[in-house]
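The lines below spell out each chain.
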Amino acid sequence: MKDSEKIIIEFIKLSKNREKVFRALEGETLKPTDISKKTGIHRNNVSRILSQLREKELIRLLNPETKRGRLYELTDYGNEILNLMKS
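The structure contained in this document is the topic of the report that follows.

Here is what the cut-offs are and how they apply
Residues numbered from 1 in each chain as written. Predicted model: local features only at pLDDT ≥ 70, side-chain atom pairs only at ≥ 80, totals over all residues. Heavy atoms only, no water. Helix = DSSP H or I, 4+ residues; strand = E, 2+ residues; numbered from the N terminus. Rg over C-alpha atoms; globule rule 2.2 N^0.38 Å. Buried < 20%, exposed > 50% of the residue type's maximum accessible area, 1.4 Å probe, protein only. Contact = heavy atoms within 4.5 Å. Polar contact = N/O pair within 3.5 Å; in protein donor to acceptor, adjacent residues only side chain to side chain. Salt bridge = Lys/Arg side-chain N within 4 Å of Asp/Glu carboxyl O.

So, the overall build of the protein chain
Okay, step 1: Helix and strand counts for the protein chain stand at five helices and two strands.
Okay, step 2: Taken from N to C terminus, the helices and strands of the protein chain fall in the order α-α-α-α-β-β-α.
Okay, step 3: For the protein chain, the C-alpha radius of gyration of 12 Å lies close to 12 Å, the compact-globule estimate for 87 residues.
Okay, step 4: In terms of overall dimensions, the protein chain has C-alpha extents of about 40 × 25 × 20 Å along its principal axes.
Okay, step 5: In the protein chain, which comprises 87 residues, the proportion classed as buried is 41%.
Okay, step 6: For the protein chain, long-range pairs separated by at least 24 residues make up 49% of all intrachain contacts whose partners lie at least 6 apart in sequence.

Encoded structure:
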């Protein structure tokens, strides 16, 4: 495992909520509301966490032109990091 991968994994694990949101997207494309329901995390916090994960290029926003009903999914890099977290 590369140092950069270790740093990203540590970034995710530093926040239980960040890790929950990240793991909630495994194999799924979800709206913030769906992530909120799935994780029990308030929607405002979910939105903030999604922004953080996007900055690290772990997730992508599929419909940026939309204000409501935005869809998020893991990037290839996000899936790679998730697999490393499992091993």
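Next, the rest of the story.
A word on the environment of T29
Okay, step 1: Relative to the helices and strands, T29 resides in the loop between α2 (16-24) and α3 (32-39).
Okay, step 2: Residue T29 is classed as partly exposed on the basis of its relative accessible area, which comes to 38%.
Okay, step 3: In sequence terms T29 and R60 are 31 residues apart; their C-alpha atoms lie 9.8 Å from each other.
Okay, step 4: With residues near it in sequence (within four places) discarded, T29 still touches L62, L71, Y72 and E73.
Okay, step 5: Among the polar contacts made by the side chain of T29, one reaches the side chain of E73 at a distance of 3.1 Å.

Comments concerning the pattern of salt bridges
Okay, step 1: All told, the structure shown has four salt bridges when counted by the stated rule.
Okay, step 2: Taking the shortest distance from any N to any O, the salt bridge between E28 and K38 comes out at 2.4 Å. Placement of E28 in the loop between α2 and α3 and of K38 in helix α3 is noted, with a sequence separation of ten residues between them.
Okay, step 3: In this structure E28 comes out as partly exposed when scored by relative accessible area, which is 34%.

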